Amino acid sequence: MTTTKAILGLTAIAGVAFAGQAQAEELRLLTWGGYAPESVIEQFKAETGIDVKVTKSNNEDMISKLRATGGGGFDLAQPSQDRISAAQAEHRIYKAMDLSQIDGNQFIGSMLEATKGNTTYKGDVYGVPHVWGTSGLVLNTATASSVKDYTDLCNDAVAGKVSYRLKRPTLIGFAFSMGLDPFAAYDDKAKYQEIMGKVEEKLISCKPNVKTYWEGGDSLLNLVRSGEVVAAMAWDTGGWKLNNDNADVTFVAPKSGALGWIDTFVLPKKTKNEAGAYKWINFVMRPEIAAQITAAAGNFTASKGADQFAEDKLKAQFQASFPQADLDNIKWYPTVPPGLETIEGKVLDRVKAASSN
Amino acid sequence: MSNQLDLECRQLVKSFGKFTAVDNVSLEIPKGSFFSILGPSGCGKTTLLRMLAGFIEPTAGDIVIKGNSMLGVPPNKRPVNMVFQHLALFPMMNVAENIGYGLRRRKIPQPEIDKRVADVLERVSLPDAGSKNVDQLSGGQRQRVAIARSLILEPAVLLLDEPLGALDLKLREHMKVELKQLQHEVGTTFVYITHDQSEALVMSDNVAVMNEGRFEQVGSPQDLYYNPQTAFVAGFVGDSNRWSGKIESVDGDQAMVALDEGGVIAAVSGTNSSMGLGDQVELFVRPEAITIERSTSSQDGAHIEDGKNTLTGVVENLLFDGANSRAQVRDQKTGHQVTVSLPQTGAFSDLVSGENLRLSWSVDKARSYVSSAAAKQEKAA
Amino acid sequence: MSSAEIAVSGTEQRSVIPTLKLGTFLLMLPLLLWLLLLIILPHVDLLIVSLREVLGYREYAFSLQNYAEFFTEPLYWNTFVRTAVMSILATIITLIVGFPVSYYIAKVMKGRKRNLLFIMCLIPFWVSELVRTFGWMILLRESGVLSSFIQWIGLVDGPVEFLYTDATLMVGLVYTSMLFMVVPLVSVLDTLDDSLIEAAYDLGGNTVSILREIVIPHAMPGIASGCIVVFMLTLGNYLTPTLLGGKDSLWFTEQIYNQFITRFNWESGSAFGFLLLFLSSAIVFVGLKLSRQTLADTVK
Ligand SMILES: Nc1ncnc2c1ncn2[C@@H]1O[C@H](COP(=O)(O)OP(=O)(O)OP(=O)(O)O)[C@@H](O)[C@H]1O
Ligand SMILES: [Mg+2]
């Protein structure tokens with residue numbers, strides 16, 4: 001008992017000592033690679049005096065980190081919009097947004113409204129949009145022009161030169177290209193299970209075609225660049241980056257529609273610098289700053305008017321990949337209801353475990 | 001004749017780079033004898049023995065065992081076995097397994113092995129030790145196990161590298177006798193290495209004195225003790241008083257040596273060769289060759305009196321050691337210290353430090369050797 | 001006799017303890033706290049998590065379902081068996097490769113060369129495991145160094161993929177584990193008196209029998225500790241199997257990672273963690289029994 005008190009006392013003293021040392025204001029940002037370029041951080045520091053400490057991550061990792069600390073350790077995070085309300089319901093890791101602190105005029109209106117709607121939990125809004133993009137096909141058009149949709153990755157023409165991730169976007173993408181609608185089945189577990197069962201079969205029968213399941217974005221880029229892989233399911237930015245080096249390689253929206261995602265800003269429950277977080281959001285949504293982020297990350301943002309500042313090349317690549325029809329055909333991820341991830345997890349495990357020959 | 005020899009070395013040489021550890025050694029060991037190699041540390045004994053065992057290939061020369069050349073024959077194919085300096089018993093096996101190791105390697109059936117192990121344990125007086133662990137044995141018992149482990153293979157020659165070195169004095173004295181006894185019973189040829197002259201003298205039929213890679217002298221213990229052929233052997237085997245001096249005059253086989261420190265001693269040549277006038281020599285006199293009397297006479301340096309070498313001095317230290325008691329006597333004139341044996345009759349048991357003694361010894365007990373250092377200097381000059 | 005000794009030292013200790021107690025306790029306090037806060041408490045927490053079932057949002061009930069799932073779902077069981085078999089195989093291969101290397105270092109090499117060889121075993125550990133594994137990938141991939149080389153010397157016509165197979169995975173695992181086998185083996189072989197080997201040779205032994213009857217029995221504690229360390233490290237390895245292993249490659253730690261990080265399923269993740277702990281301890285225990293070693297021997 002006394003020991004506990006002593007420890008608590010010591011911790012408190014240590015805490016005070018550390019707090020005393022931390023003179024410069026700090027914003028601990030949990031985000032994706034490219035979303036907080038060094039130059040933007042410097043401009044922000046010059047303007048507000050706030051130091052931004054960046055931790056690079058991905059959706060699952062962000063949620064796990066916040067879950068492990070009960071929503072502590074970071075002041076601002078950037079999960080995708082479909083991963084917010086369920087995580088909040090289960091783990092209580094986020095804090096509601098005070099929308100009055102955010103300059104809504106800087107956002108593309110429709111995107112802001114859609115995100116607010118998707119991230120609402122028990123009447124509170126938890127997220128505002130930041131960067132958006134799509135997943136689709138990255139193809140070497142010279143050798144893999146026969147690939148028009150995800151299921152075409154299983155064609156003999158590209159046998160052994162195909163790669164995709166073993167993650168939920170792959171399951172969703174294959175479901176759509178098989179003529180199924182997983183999003184419509186989000187609220188019907190049994191139906192969803194059935195769809196996933198079919199996808200599982202398809203992915204297992206497709207396995208011999210796969211060279212390897214890629215994990216990090218860089219490793220996929222290497223595989224395509226070296227010609228070891230000619231067709232992959234991947235993010236649009238990856239395709240455009242490769243296009244800069246090799247005109248044959250580019251991002252193609254699949255026939256069944258690219259999958260659209262929006263990464264957001266959310267406040268972790270134990271954020272220590274809420275004011276700084278709002279300052280950062282308002283800062284990076286300025287069109288000229290947003291354009292710098294687009295240049296670094298390769299993806300467009302929800303900032304209104306940032307297009308004008310974007311590089312022409314990127315705009316051209318975007319337009320080439322997304323004719324109007326394809327743009328209209330983008331499938332935006334709705335919020336993931338609880339329980340689906342368990343179903344998907346089992347499917348992914350079984351695909352991984354299946355023999356490829 | 002040659003098949004009477006168990007072991008023969010012919011002009012054996014071993015060099016490590018420029019350094020010659022064993023230099024042109026030849027030896028012949030008759031069947032069933034106990035042969036010792038005696039020499040100071042680092043003189044090349046182990047190197048020689050390891051060549052016999054086959055762990056080192058000689059640089060030149062030949063090793064012949066029972067009439068067969070051993071060049072190129074690996075240790076596990078040679079009819080010799082070795083008892084190592086630290087015994088090298090296998091800690092992962094018990095005593096019986098240790099002893100049976102060689103027989104198992106010869107694919108002898110297990111019942112036969114058991115029988116022979118029991119026999120040999122009996123012979124080394126450890127009849128019940130078979131199931132014991134090696135670390136449960138005393139030093140002397142381990143010794144016997146190590147020897148039994150080699151003997152059971154009935155080698156033509158058993159090589160022993162200072163096997164008593166690790167034992168305490170008392171046990172060493174005991175084991176000396178026991179080893180000799182054992183060798184006598186089994187009749188195996190032993191080649192025994194030691195830097196302890198008493199071990200060599202007590203046990204051996206023949207001893208080779210080794211120095212700086214060469215054999216100085218090979219002979220029976222008595223021969224080495226009473227008739228050393230080189231200054232090194234005279235100094236190394238047994239205790240001796242030592243002087244250096246120059247030959248002043250030669251008369252037949254006797255010579256008068258003027259000591260560097262002053263005084264003269266009449267001596268005979270230690271070697272068969274005659275002595276030359278003016279030679280620088282080393283003189284050796286054994287403590288027990290010196291007769292002592294109480295004396296009141298004035299201090300004299302070494303001189304000849306009544307055809308005997310004579311010296312007076314003051315007792316400085318008494319070294320009481322029972323039958324082996326000695327006194328250290330200081331020649332007051334030259335400061336030379338002489339060690340003398342006290343007679344075993346107890347006649348001088350009341351001797352005290354500070355008393356004057358008159359020492360005398362006959363001419364033939366003083367052996368002189370042309371000093372090698374001086375010889376070298378002269379050559380260089 | 002030895003029991004008498006123990007009894008004596010026992011009484012001695014009893015008389016000394018009261019005076020030492022407080023001081024010792026204070027000295028041990030940081031260690032105990034560290035053990036408690038960083039090792040024991042998190043494990044207790046994980047144990048509790050592993051024993052509950054999620055009923056709905058923030059609704060839990062006590063259940064053994066997470067453990068039952070491991071045994072009823074062949075996927076997890078197979079993954080574990082595969083991981084264990086591959087780890088045992090990797091341990092054996094590491095031993096077979098590491099033993100001659102260690103013997104060479106401990107018994108044949110002398111002085112500078114010996115240190116050099118030892119350091120060469122250390123070099124791979126100067127870079128992180130990630131970098132090391134990427135090194136393998138650059139070397140072995142279809143467009144990599146080895147593939148280009150054998151095309152260049154004309155052994156094959158087209159590029160060859162060496163990555164993403166179990167054999168590659170095995171090479172990677174063995175490479176990563178090498179040092180942990182070599183260090184205990186070298187230190188145990190160092191203590192083997194050369195004259196034991198010579199004596200055995202002198203008594204008619206040959207290389208094989210000396211190895212079997214003298215060297216290996218002597219080295220057994222080192223072999224056991226090396227094998228335990230390598231086995232545990234391989235079993236718990238995450239990076240090498242995921243990066244080098246092919247599309248069929250399953251590894252149990254990957255499964256645990258997936259449960260925790262990508263499935264948010266801490267319940268089964270913790271259960272798998274405990275199962276890994278118990279099953280691997282059981283394997284080590286059986287291994288020790290088979291080789292007639294005790295855990296105490298291996299840390300001597
Ligand atoms: N492998 C070797 N390389 C170089 N020199 C060596 C080697 N082995 C022995 N020597 C040298 O040869 C000489 C004789 O060594 P050896 O071991 O034969 O001596 P020893 O007479 O057995 O001495 P001790 O009584 O101390 O055991 C020594 O000067 C030693 O340094
Ligand atoms: Mg020696």
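Participant: Hey, could you go over the site of ligand 1 for me, with residue numbers and the actual values?
Facilitator: Residues and elements named next belong to chain B. Near ligand 1 the following residues occur: Phe16, Phe19, Ala21, Ser41, Gly42, Cys43, Gly44, Lys45, Thr46, Thr47 and Glu162. Here Thr47 contributes a side-chain N or O atom positioned 2.5 Å from an oxygen atom of ligand 1. Considering ligand 1 on its own, with 630 Å² of exposed area, one finds that the protein chains cover 59% of that surface. Those elements that place two or more of their residues in the shell around ligand 1 are β2 (19-30) and α1 (45-53). Top element by residues in the shell around ligand 1 is α1. It accounts for three residues. Of the residues assigned to the shell around ligand 1, the class counts are four nonpolar, five polar and two charged.

Participant: Can you tell me about the interface of chain C and chain A, naming the residues and giving the values?
Facilitator: Taken residue by residue, the interface counts 32 residues in chain C and 38 residues in chain A. Of the roughly 3100 Å² buried at the junction of chain C and chain A (both faces included), carbon and sulfur atoms supply 51%. In terms of surface lost to chain A, no three residues of chain C exceed Tyr57, Lys247 and Phe264 of chain C, which account for 27% of the buried area on that side. Counting across the chain C and chain A interface gives six salt bridges. The salt bridge involving Glu142 of chain C is made with Lys211 of chain A; its shortest N-O contact spans 2.5 Å. At the surface where chain C touches chain A, the tally comes to nine residue pairs in polar contact (both at pLDDT 80 or more). Every element with two or more residues in the side of chain C that touches chain A is listed here: β1 (52-56), α3 (74-108), α11 (252-262) and α12 (266-290) of chain C. Looking at the side of chain C that touches chain A, the element that brings in the most residues is α11 of chain C, giving seven residues. A class-by-class count of the residues in the side of chain C that touches chain A yields twelve nonpolar, eight polar and twelve charged.

Participant: How would you explain the nonpolar core if you had to name every residue and give the values?
Facilitator: In this structure, Tyr94, Leu153, Tyr164, Phe265, Trp280, Ile281 and Val284 of chain A are the most contacted members of the largest nonpolar core, which totals 116 residues. Apart from residues no more than four positions distant in its own chain, Val284 of chain A is found in contact with Val40, His130, Phe265, Ile289, Ala290 and Ile293 of chain A. Core analysis: the next-biggest nonpolar cluster, separate from the first, contains 94 residues, Tyr101 and Leu121 of chain B together with Ile105 and Cys121 of chain C among them.

Participant: A description of the side chain of Glu199 of chain B should follow, citing residues and the corresponding values.
Facilitator: Residues and elements named next belong to chain B. Tracing the backbone shows Glu199 in helix α6 (residues 197-203). Among the residues examined, Glu199 registers a relative accessible area of 4% and is labelled buried. Beyond its immediate sequence surroundings of up to four residues, Glu199 is in contact with Leu164, Arg172, Lys176, Tyr192 and Thr194.

Participant: Which residues make up the domain arrangement of chain A, and what are the values?
Facilitator: All names here are of chain A. By domain assignment, chain A separates into domain 1 (26-126 + 261-321) and domain 2 (135-258 + 331-353). Between the C-alpha centres of domain 1 and domain 2 the distance comes to 26 Å. At the interface, 17 residues of domain 1 touch 18 residues of domain 2. Summed over both partners, the interface of domain 1 with domain 2 buries about 1600 Å², with 49% contributed by carbon and sulfur atoms. The largest share of the area that domain 1 buries against domain 2 comes from Asp82, Trp261 and Ser321, three residues that together contribute 36% of it.

Parameters and conventions
Residues numbered from 1 in each chain as written. Chains lettered and ligands numbered in written order. Predicted model: local features only at pLDDT ≥ 70, side-chain atom pairs only at ≥ 80, totals over all residues. Heavy atoms only, no water. Near = heavy atom within 4 Å. Polar contact = N/O pair within 3.5 Å; in protein donor to acceptor, adjacent residues only side chain to side chain. Areas by Shrake-Rupley, 256 points an atom, 1.4 Å probe, with all protein chains shown as cover. Helix = DSSP H or I, 4+ residues; strand = E, 2+ residues; numbered from the N terminus. Nonpolar A, V, L, I, M, F, W, Y, C, P; charged D, E, K, R; others polar. Contact = heavy atoms within 4.5 Å. Buried area = accessible area lost by both parts, 1.4 Å probe. Salt bridge = Lys/Arg side-chain N within 4 Å of Asp/Glu carboxyl O. Core = buried A, V, L, I, M, F, W, Y, C linked by side-chain atoms within 4.5 Å. Buried < 20%, exposed > 50% of the residue type's maximum accessible area, 1.4 Å probe, protein only. Domains from an automatic or database assignment.

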